[in-house]
Amino acid sequence: MLRRLAPTLLMFASGFAGLGYQIVWTEQNALWLGHEATAILAVVAAFFGGLALGGWSLGARIEQSPRPRRWYAGCELLIGVWGLALVVAGPAPSRVVLALSGLEPSLWRQWSAAFTSCLVLFLPATAAMGATLPAMERLSATLRGQRSLAALYAANTAGAVLGVLATAFWLVPAFGLRRTALGCVGLNLACALLAAQAFPKRSEAVAAPEVSPRASAWLLRLAATGLLGIGYEVLVVRVLSQVTEDTVYTFALLLAVYLVGTAVGAAAYERWLVARKSRELDERLFAAQAVAVLVGTATLWSAERVRDAASDLLGASASAHIAVEGLLALLAFGPATVVMGALFSHLTKRAHAAGVSFGRALGVNTLAAACAPALFGVVAVPLAGPTLTLLAVALGYLALSAPRSWRTPQIVAPGLAVLALAVLAPPLRFVEVPGGGHIVSYREGPVAAVSVVEDAQGVARLRIDNRQQEGSSASLRVDARQAWLPLLFHAAPRRALFLGMGTGVTSASAAADPTLQVDVVELLPEVLAASERFIDAESRQRLHAIVADARRYVRLTSRRYDVIVSDNFHPARSGSGSLYTVEHFQAVRERLTEEGVFCQWLPLHQLDLASLRSIAASFVRVYPQAFAILASNSLETPVIGLLARRDGARFDAISLKNRLVRAALPELIHSLGLEDEYAVLGGTIAGTKALRHFSEHAIANTDDRPWVAYQAPFITYAPDSSPRERLLALLGEVSLDPAELLQPSTDQLWQHRLAAYWQARDQFIRSGRDVKAAPRVEDMLAQVREPLLSVLRISPDFRPAYDPLLGMASALARSNVSGARSLLGELRQLQPARLEAAQLLTQIDAFRKSESPVRLPEP
């Protein structure tokens, strides 16, 4: 019984471990290579390259060996030992990858380093994986007296599917990358042990088959189908990244569906097609493959409509949204991968009949597949776009059929469909354009599609893969504050580094200071090009833009910076979670000067409190004296900053005041609402003790346990609260004490005024929770007058309450002079030191007496 079930069990377990390794190694390489999409392509290429070399070099020897058990057990043992070696080595391989890439690599150096390093690093294990299936096929044939390749392939793939899903949805979030890899090591060692118990030591030797002249033709077809099959996978994943949420779960689902389809196809071939005439199946399977690719491609054009309809049907839960992504994967991959599984099984059978060993057939197929990520992902998509490249895949399958069949209807019909779609079909690009708006620019890069969209009001937004995660022209003031708040906390900064460019407004605002040298690191060159819409040519010239990965740059550069500002990257999206780990924060610390300041901005509107706690716990571990600030008082898009000095020193109010006085650009700083030391320090929401208390029970986000990347997607799929609710909940949990932030010598009266400012700020935010926009100033004033005046009674220094009331008084004076005078009188009484209210009252009175066209200030 054990011997009869052993081949299936071993192939299932081996497949589980193999794809478990792939998920783990992809995550680890995303840390080293800088982006999950880059890591996916590199690891896929490395896997198939290793499988190819193993199958090609060892397949024939295994097939003729009298000891196939030794081969299989040895391969499983080697996989386990090498997997263990990588676990023990820890982050050491990353240093090799970083050295190969360099500080500012060219496009080709970056991708060459990615593919080469992954291939070499994983080669012993992946080559052994490539030899396990030929070895098991040989053992199975010995036991059962017949070859059962398709059944073994189906079992191996089924195990791979479970490995993908279990690793992504359970093992890595719960246990981390190293422990998950150790679990896979245990499976490999168990497979080696079971094989030694279940199979006989020796088997009858098999003579080398006579190679037919037709062998090369079948090897060529195997290579071509391997290239086209993985090319199709790369293209579909790329297109769906613009429709799905593009999280770690998205990739796992896409990969799982792809594997399920190929397993079903192999099993179906074994059950229903293996007895058919081979020559008859040749043409039908190639034609069916081309049609299936066209069907899958056609579903991509309607992917957004399918997503929206399925979401309405299934509801708004996270599981429902993940199911919708699975449905999109099934529609795109289902028919094509089922035929791929059957076609691969058929071609290996035909090649074997022509005298080609299974190992060599597998090697040729996977060697070509290893070239697909680079050819399709890095070269074809940027040059031709995904639409034409997908149609070329379908045409490629048709061309693989025998020339005698090219004039038959089953080849001509799909061929004409390909040509019609190439001429008539719209491009497969997804850019959400608001009513009355238009696309300003669109660029396809090797990693992502970057677009700039402008709405009817002229507000431009920068999007990566159809997501507004990089800012807009409507957020210029807040973006600039994200530069100047950290800069003002340093007494005299001379060099600043910005990690992530986005629209470029943040770094360009800093570069406006002639005394400051500004470096900005951006992974995507397409984003640098798109930023031209948001910053002028003069600002761009002042910036030193570096096309590189932020993690890699801070590890390799020898420069030190007075201020480092990290953008508010969306934590659920590809590779972003790695920018919030303990290890990255430590690397940033090493790049700071002794009194250097680091600020990590976090998008609370895209982040749940559990993920925020994890990031805060990671930050506090590296910067024990950290505190938290708000970029603005926005309720819709709250942005939190974690800020600290390298030396852990507290801030001096006098030094901060002098910094504002000596600032090279006082008008710019004042326009950002940072006119005095109260406005700068007034954004603080949590001191050191409060931040530690807030995060003390959270799981730290580390390179080994990337908890945020697996937690953050859930609020992206199904938000459980609004951004304003999360901000108010956060403010309710944290507290402030001026003594934590300021030096002991700070004047007590000044501390009291700052504490009042903080209290007023919290009251201001809470009072805005239920305010609704109104077109008439009278209606707006009816909602906010008393709440804002009560805020000013707490702290007259709080200008975010004073300025709106001043503007509404100016607008009200055009229709209700007495009402405007009453409001201005209250403002003057609350803040007599400010002259704006008194000046506006004087203008209104002059206008009333003379009835001359005195120009009132704009609201």
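Residues numbered from 1 in each chain as written. Predicted model: local features only at pLDDT ≥ 70, side-chain atom pairs only at ≥ 80, totals over all residues. Heavy atoms only, no water.

S.K.: Just checking my understanding: could you explain the sheet that holds strand S9 (residues 627–630) for this structure?
M.R.: Whenever strands of a sheet pair, they do so through backbone hydrogen bonds, lying parallel or antiparallel. The eight strands lie next to each other as S6-S5-S4-S7-S8-S10-S9-S11, forming an open sheet whose pairing is mixed. Of all the strands in the sheet, just strand S6 (543–547) and strand S11 (684–686) have a single pairing partner and so form its edges. Recorded for the sheet is a direction-independent mean angle of 25 degrees between the axes of neighbouring strands. Where S9 and strand S10 (residues 639–645) come together, four bridges link them in antiparallel fashion. (Pairing = 2+ DSSP bridges. Helix = DSSP H or I, 4+ residues; strand = E, 2+ residues; numbered from the N terminus. Axes fitted to C-alpha atoms, helices over the stretch in contact; angles between N-to-C directions.)

S.K.: Would you mind showing me how to read helix H4 (residues 92–101) here?
M.R.: Residue pairs three or four apart in sequence face the same way in an α-helix, which turns once every 3.6 residues. For H4, the complete set of buried residues consists of Pro-93, Ser-94, Val-97, Leu-98 and Ser-101. Viewed along the axis of H4, the buried residues span an arc of 140 degrees, placing them on a single side of the element. Pointing more than 90 degrees away from the buried face of H4 are the exposed residues Arg-95, Val-96 and Ala-99. Trailing H4 by a residue or two, Gly-102 shows a phi angle of about 85 degrees, which is positive. (Buried < 20%, exposed > 50% of the residue type's maximum accessible area, 1.4 Å probe, protein only. Arc of directions from axis to C-beta.)

S.K.: Looking at this structure, I do not really get the packing of aromatic side chains. What am I missing?
M.R.: Two numbers describe a pair of aromatic rings. These are the distance of the centres and the angle of the planes. Tallied over the entire structure, the rule returns 18 aromatic pairs. Ring centres of Tyr-232 and Phe-333 lie 6.0 Å apart, and the angle between their planes is 70 degrees; on these two criteria the pair is classed as edge-to-face. Residue Tyr-232 is found in helix H7 (residues 215–240), and its partner Phe-333 is found in helix H11 (residues 318–353); the two are separated by 101 residues along the sequence. Tyr-232 gets classed as buried once you look at its relative accessible area, which sits at 0%. Considering the side-chain rings of Tyr-249 and Phe-714, the 5.5 Å spacing of their centres and the 50 degrees angle between planes classify their relative orientation as tilted. Here Tyr-249 is found in helix H8 (residues 248–273), whereas its partner Phe-714 is found in helix H26 (residues 713–717), with 465 residues between them in sequence. Residue Tyr-249 is classed as buried on the basis of its relative accessible area, which comes to 2%. Residue class for Phe-714 comes out partly exposed when judged on its relative accessible area of 32%. (Phe/Tyr/Trp six-rings, centres within 6.5 Å; stacked < 30°, edge-to-face > 60°.)

S.K.: Please clarify how the packing of H7 against helix H9 (residues 278–301) should be interpreted in this entry.
M.R.: For any two helices packed against each other, one specifies the inter-axial angle together with the distance between the axes. H9 packs onto H7 with a crossing angle of 10 degrees between their chain directions and a minimal axis gap of 11 Å. Judged by the inter-axis angle, H7 sits roughly parallel to H9. Where H7 abuts H9, its residues Trp-218, Arg-221, Thr-225, Tyr-232, Val-236, Val-239 and Leu-240 lie against Asp-282, Phe-286, Val-293, Gly-296, Thr-297 and Leu-300. (Parallel < 35°, antiparallel > 145°, perpendicular 65-115°, else oblique. Contact = heavy atoms within 4.5 Å.)

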